[in-house]
There are 2 protein chains.
Amino acid sequence: MALKLHGSPYSTATKRVAIVLLEKHVPFEFIDIDLVKGEHKAPDFVAKQPFGLVPFIDDEGFILYESRAIGRYIATKYASQGLALIPTSDLKTAALFDQAVFSEVANFEGPAQALCYEKWFKSMIGQEADETVVAENKATLEGTLDVYEIVLSKHAYIAGNELTLADLFHLPCGARVKGIFPELFSSRPNVAKWLEALERRPSWQAVKDGI
Amino acid sequence: MALKLHGSPYSTATKRVAIVLLEKHVPFEFIDIDLVKGEHKAPDFVAKQPFGLVPFIDDEGFILYESRAIGRYIATKYASQGLALIPTSDLKTAALFDQAVFSEVANFEGPAQALCYEKWFKSMIGQEADETVVAENKATLEGTLDVYEIVLSKHAYIAGNELTLADLFHLPCGARVKGIFPELFSSRPNVAKWLEALERRPSWQAVKDGI
């Protein structure tokens, strides 16, 4: 029985899980949850994901949510397939990987998601963006990307010279923000090169327009 | 040479690291960074923590930031001291631990930090809270705590029957919010019992009023 990914092709968190599954060559069945119809708030969904958020996986009865936790689970379970994605060579390398993972959540995800919500989601449902919120989050994200520009001048990927989950975790939201504000990336050569390399990956090409 | 914790006793992220160090019986030297003077934006600080945020650790020259990454590093390095804090018994238990760790970041930290900022930090510097922001974040946090109440009706701690880093990660911010809005916790018996048990820990008693 193939692993089931319950999520939405519109959700960056769902795409985050899908690209990890593809990078690790794990076959999966995609269950499309209709967010407009509120299927993520239905009792049978909430019984599996109590926050009523996409995605979750069902791996032969093992239910797991939180896209980054799922990424770690998949990369650990299938450690010998595809790229390693989680460095385990030594404690310090693993710690610097965790530093990059939590930096993404702490410094990138918040402002990037806010920009996606204001400029992408609201446009899709015919609402106007709140430009004050946009300006604030754009400034915050610029601060993060200024730091990333320095980090990525030292090594090709965000946690070192190898591609890890920490890079992939940025990709769905990063690509969407780049579509809205390309100058945030093009003005920072190392960040631009890094995101372009991620966007070229077959895993991203397979899910960027739908899962 | 003792591990050095560079941070602020006013910072919940700094307290997060301090309680992990205490739980794991790791001696440390606290370096108080004066946030009012902007010491976290000084060049020698930013050279270690490029986002200009507290805390970071210096473990005999190994520099690491992001409080949750530091927690994992300490709990892994000193696995045999104190409580385990990271379950490693099997892949699924480890994945459910990660699920709880990322749930804290995704569902708890954002609204809880916003409440701390509006009602605690702004009061400290003589500013008025934005009550619209307070109401929004209080409602979001109530939704999270409603889920936690169900989760904590099934097991004593957030990731299962053992205390883990996932519980400790909630403690500094959770205790501060409880000081502002005690009813958020007292109205949910399992959440109340859980946070009270965490607050009773000697590690928290040692750092709650200063490090």
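Residues numbered from 1 in each chain as written. Chains lettered and ligands numbered in written order. Predicted model: local features only at pLDDT ≥ 70, side-chain atom pairs only at ≥ 80, totals over all residues. Heavy atoms only, no water.

The condition that has to hold: UniProt positions are given in the numbering used here, feature names are shortened, and annotations may be inferred rather than shown by experiment.
An unreviewed UniProt entry lists chain A under the name glutathione transferase, from Athelia psychrophila. Taken directly from UniProt, the Sequence similarities (unreviewed entry) text for chain A runs: "Belongs to the GST superfamily. Phi family." If you open the UniProt record of chain A and go to Catalytic activity (unreviewed entry), you find "RX + glutathione = an S-substituted glutathione + a halide anion + H(+)".

A closer look at helix H4 (residues 91–124) of chain B
All names here are of chain B. Cut-off, in case you're wondering: The angle between axes fitted to the seven-residue stretch ending at a residue and the seven-residue stretch beginning at it gives the bend at that residue. Here a helix means four or more residues in a row that DSSP labels H or I, a strand means two or more in a row labelled E, and each is numbered from the N terminus. For this analysis, a polar contact is any N or O atom pair within 3.5 Å, provided that within protein one partner can donate a hydrogen and the other can accept it, and provided that sequence-adjacent residues contribute only side-chain to side-chain pairs.
In the structure, H4 departs most strongly from a straight axis at Phe108, where the bend amounts to approximately 45 degrees and where the proline Pro111 lies between one and four residues downstream. Where H4 begins, the side chain of Asp90 points an oxygen toward the backbone nitrogen of Lys92, at a separation of 3.1 Å. Following H4 by one or two positions, Gly126 adopts a phi angle in the positive range, close to 80 degrees.

A short note on the packing of helix H6 (residues 165–180) of chain A against helix H8 (residues 189–199) of chain A
All names here are of chain A. Our working definition: A fitted line through C-alpha atoms represents every axis, and for helices the fit uses only the stretch in contact; the resulting angles, taken between N-to-C directions, go from 0 to 180 degrees. The cut-offs work like this: below 35 degrees is roughly parallel, past 145 is roughly antiparallel, 65 to 115 is roughly perpendicular, and the gaps in between are oblique. By the convention used here, residues are in contact when the closest approach between their heavy atoms is within 4.5 Å. Throughout, the ten residues Ala, Val, Leu, Ile, Met, Phe, Trp, Tyr, Cys and Pro are labelled nonpolar, Asp, Glu, Lys and Arg are labelled charged, and all others, Gly among them, are labelled polar.
Axis separation between H6 and H8 bottoms out at 10 Å; the angle between their running directions is 100 degrees. With respect to H8, the element H6 is oriented roughly perpendicular. Across the interface between the two elements, Asp167, His170, Leu171, Gly174, Ala175 and Lys178 of H6 pack against Trp194, Leu195, Glu196, Leu198 and Glu199 of H8. When the residues that make up the contact of H6 with H8 are grouped by side-chain class, the tally is five nonpolar, two polar and four charged.

A few points about the domain arrangement of chain A
For an interface, size is often stated in terms of accessible area lost upon the parts coming together. Residue and element names in this part refer to chain A. For the record, the criterion: Here the bounds of each domain stem from an automatic or database domain assignment. Once two parts are brought into contact, the accessible area they lose, counted with a 1.4 Å probe and summed over both, makes up the buried area. Here a salt bridge means any side-chain nitrogen of Lys or Arg lying within 4 Å of a carboxyl oxygen belonging to Asp or Glu.
Along its sequence, chain A is carved into domain 1 (3–78) and domain 2 (91–206). Between domain 1 and domain 2, the C-alpha centre-to-centre distance is 21 Å. Contacts between the two partners involve twelve residues from domain 1 and, on the opposite side, 19 residues from domain 2. Across the interface of domain 1 and domain 2, roughly 1,500 Å² is buried in total on both sides, 65% from carbon and sulfur atoms. There are six salt bridges connecting domain 1 and domain 2. The partner of Arg16 in a salt bridge is Glu109, and the shortest N-O contact between them spans 3.3 Å. Viewed at the interface, domain 2 and domain 1 are joined by nine residue pairs in polar contact (both at pLDDT 80 or more). Listed by contribution, the elements that provide at least two residues to the side of domain 1 that touches domain 2 are helix H1 (12–23) and helix H3 (67–77). Per element, the largest residue contribution to the side of domain 1 that touches domain 2 is seven residues, and it comes from H1.

A short note on the interface of chain A and chain B
Facing 29 residues of chain A, the contacting portion of chain B comprises 29 residues. Summed over both sides, the interface between chain A and chain B buries roughly 2,700 Å², with carbon and sulfur atoms accounting for 76% of that surface. Considering only the side of chain A, the residues that lose the most area to chain B are A:Phe51, A:Gln99 and A:Phe102, jointly responsible for 24% of the buried surface there. Put simply, chain A and chain B have two salt bridges between them. Among the ionic pairs, B:Arg72 bridges to A:Asp98, the shortest N-O distance being 3.8 Å. Taken together, chain A and chain B are joined by four residue pairs in polar contact (both at pLDDT 80 or more). Within the residue set of the side of chain A that touches chain B, elements represented by two or more residues are strand S4 (62–65), H3, helix H4 (91–124) and helix H5 (131–154) of chain A. By residue number, the principal contributor to the side of chain A that touches chain B is H4(A), which donates twelve residues.

So, the sheet that holds S4(A)
Strands pair in a sheet through their backbones, by hydrogen bonds, and they do so in one of two ways: parallel or antiparallel. All names here are of chain A. The line we're drawing: A strand pair is defined by DSSP finding two or more bridges across the two strands.
Ordered by their spatial adjacency, four strands build an open sheet running S2-S1-S3-S4, and the pairing between neighbours is mixed. The strands lining the two open edges of the sheet, one partner per strand, are strand S2 (28–32) and S4. Direction aside, the axes of adjacent strands within the sheet are offset by 20 degrees on average. Judged from the four bridges that link them, strand S3 (residues 56–59) and S4 form a sheet pairing that is antiparallel. Across the sheet, the residue bridging to Asp58 is Ile63, located in S4. Set on the sheet, H3 makes contact with strand S1 (3–7), S3 and S4; between it and S4 the angle comes to about 130 degrees.

Section: a nonpolar patch on the surface
All names here are of chain A. Inclusion rule: Distance thresholds for patches are 9 Å for like charges and 5 Å for nonpolar side chains (Val, Leu, Ile, Met, Phe, Trp, Tyr), applied to residues having over 30% relative accessible area and no salt bridge. Note on areas: Shrake-Rupley, 1.4 Å probe, and residue coverage restricted to the protein chains presented here. Relative accessibility decides the category of a residue: with a 1.4 Å probe and only protein chains considered, values under 20% of the type maximum give buried, values over 50% give exposed, and everything between is partly exposed.
Taken together, Tyr10, Tyr117, Phe121, Met124 and Ile125 make up a surface patch of nonpolar side chains, about 510 Å² in accessible area. Position of Phe121 relative to the elements: it lies in helix H4. Taking the relative accessible area as the measure of exposure, Phe121 reaches 32% and is therefore partly exposed.

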